[in-house]
Amino acid sequence: MGLIRMTKWRTLVLATVGFNFSFLIWFSFAPFTGPMADEFGLSLAEIGILASAAIWLAPFGRILTGWLSDKFGAPAVFAIVLTYVGVFSIASAFAQSYTVFFVERLIVATAGITFVIGIQHVSEWFEEEQLGTAEGIYAGIGNAGAAGGALILPRVFGSNWSGPLFDTNWRAAFFYTGCVSILLAVVYYALGEAAKSDEKRQATADNASFKGWFYTATRYGTVVLALAYVMTFGLELSMNGWLATYYREGFSTDNLVLASTFAATFSVAAGLLRPIGGYVSDVLARKEKNIIPLFTGRYREQWTFVTLCFVVVSMFGMTLAGLSGQVLVAVGAGFVVGMACAFAEGSIFAQVPAMFPNSSGAVAGVVGGIGTVGGIVYPLVYSAPFLANLHLGYSIVAVSMIPIVLLTAWVFQPKIARVANTSGFVGSDIDQSTAGADD
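Residues numbered from 1 in each chain as written. Predicted model: local features only at pLDDT ≥ 70, side-chain atom pairs only at ≥ 80, totals over all residues. Heavy atoms only, no water.

### Notes on the overall build of the protein chain
Phase 1 of the analysis: Within the protein chain, the secondary structure is distributed over 23 helices and zero strands.
Phase 2 of the analysis: Relative to the 2.2 N^0.38 estimate, which gives 22 Å for 439 residues, the radius of gyration of the protein chain is 21 Å and therefore close to what a compact globule would have.
Phase 3 of the analysis: The buried share of the protein chain, taken over its 439 residues, is 60%.
Phase 4 of the analysis: Across the protein chain, contacts joining residues at least 24 apart in sequence account for 80% of those joining residues at least 6 apart. (Helix = DSSP H or I, 4+ residues; strand = E, 2+ residues; numbered from the N terminus. Rg over C-alpha atoms; globule rule 2.2 N^0.38 Å. Buried < 20%, exposed > 50% of the residue type's maximum accessible area, 1.4 Å probe, protein only. Contact = heavy atoms within 4.5 Å.)

### Regarding the nonpolar core
Phase 1 of the analysis: By size, the foremost hydrophobic cluster in this structure holds 124 residues, and its most contacted members are Trp26, Leu235, Tyr246 and Tyr247.
Phase 2 of the analysis: Among the elements that line this core, the one with the most residues is helix α18 (residues 327–355), at eleven residues. (Core = buried A, V, L, I, M, F, W, Y, C linked by side-chain atoms within 4.5 Å.)

### Notes on helix α9 (residues 145–156)
Phase 1 of the analysis: Between its first and last C-alpha, α9 extends 15 Å over twelve residues, near the 16 Å set by a 1.5 Å rise per residue.
Phase 2 of the analysis: All of the buried residues in α9 are Gly145, Ala146, Ala147, Gly148, Gly149, Ala150, Leu153 and Pro154. (Expected span 1.5 Å × (residues − 1).)

### Details of the environment of Gly118
Phase 1 of the analysis: As for its position among the elements, Gly118 is in helix α7 (residues 114–123).
Phase 2 of the analysis: Once you skip the residues sitting within four places of it in the chain, Gly118 turns out to touch Ala15, Phe78 and Tyr138.

### Comments concerning the packing of helix α20 (residues 373–382) against helix α21 (residues 393–411)
Phase 1 of the analysis: Remark: α20 packs on α21, axes separated minimally by 8 Å, with the N-to-C direction vectors making an angle of 140°. Classified by the angle their axes make, α20 and α21 are oblique. Seen from above, α20 lies across α21 with right-handed handedness. Every residue of α21 that contacts α20 at Tyr378, Val381 and Tyr382 is listed here: Gly393, Tyr394, Ile396, Val397, Ser400 and Met401.
Phase 2 of the analysis: In the contact of α20 with α21, the residues fall into seven nonpolar, two polar and no charged. (Axes fitted to C-alpha atoms, helices over the stretch in contact; angles between N-to-C directions. Parallel < 35°, antiparallel > 145°, perpendicular 65-115°, else oblique. Left-handed = near helix turned anticlockwise from the far one by under 90°. Nonpolar A, V, L, I, M, F, W, Y, C, P; charged D, E, K, R; others polar.)

As far as function goes, none of this settles anything; it's purely spatial.
Put into structure tokens, the structure is as follows:
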């Protein structure tokens with residue numbers, strides 16, 4: 001038992017470090033959008049496309065790697081992804097054509113698919129009563145890698161960088177982060193163990209069929225959590241890739257390091273506060289405590305619904321703060337949005353492995369993959385040429401989130417929530433006798 005406990009926490013540390021760096025390398029372009037725009041002659045709209053493009057391959061990649069992690073185990077899959085991401089990051093440092101650079105960074109951006117690999121890995125080691133907290137720690141500290149990139153990379157590879165191999169700061173950053181990625185791949189493969197027991201590993205692998213994947217992908221719980229993740233993690237992705245540009249262009253902040261630091265406050269909140277979302281979900285479920293009259297007896301669902309409403313309200317606040325013309329007010333509003341994302345994401349991924357214990361990788365892949373769509377769409381809204389100013393896009397995004405919140409309210413009704421992991425939008429209907437039964 002002691003050995004299992006030690007390996008459990010080693011797994012959490014290994015997955016967290018791996019994902020933290022994956023997030024850093026995923027958004028390593030964000031602090032350098034200014035110098036890259038100057039070198040390649042990019043417009044503001046093209047910078048928005050670059051931020052969006054960082055997410056393009058993530059939906060399919062996360063869905064695939066979630067299933068692969070169930071089938072073959074997380075250590076092997078995580079190591080493969082970190083290796084090719086490192087290779088292409090190094091290659092992008094030498095790109096002379098923007099087309100070649102764009103394609104190489106598309107591949108590097110698949111570093112974000114490691115999220116579902118780590119989710120699956122952690123869920124294979126932790127019991128249900130600790131899942132929300134453990135997944136929150138993993139994802140929260142991991143997501144903070146974006147803040148690390150915004151805070152560390154511009155300082156290490158400053159605008160006056162002049163070191164071996166490169167005279168251009170962003171090229172040096174991409175080269176050396178690629179080298180670290182390959183090193184981490186070796187460490188993860190050497191130290192990682194797929195599951196706490198052979199029986200657990202086999203049960204997960206046996207469930208990793210296409211039929212099993214399609215079944216879990218179409219359950220009410222999977223679909224609604226995936227859409228909720230669009231408006232939370234998708235939002236986080238969009239802000240990570242956009243805020244440095246927003247603070248620079250929206251408030252005429254020419255200092256690259258200062259704009260990146262402002263942007264990092266969002267990433268810090270969205271990452272480091274995420275364990276709170278998972279922990280609260282665990283506590284409410286363990287103590288069977290109702291916090292709102294809606295969805296009585298569905299404790300995790302109540303907390304998730306509250307956090308989703310918080311996200312919508314905070315986005316309207318982001319527009320109001322921007323219209324004030326005060327950059328520090330806007331930075332504070334960005335921190336609040338990050339907090340809302342953190343709480344909601346933690347609550348969502350407290351539900352995923354608890355609801356689907358033997359298909360956590362597949363479901364995490366669907367939820368995490370579809371959730372990244374927000375990161376593709378939202379930057380295009382923020383930088384849309386028809387907007388009167390850069391502050392209005394946040395409210396437009398907030399309005400688009402309201403139908404998702406209403407759908408979650410429908411699925412979280414107790415009679416539906418009780419069977420949300422077995423009944424779905426395709427292939428089955430709610431069994432009214434089961435829906436009316438006690439938990």
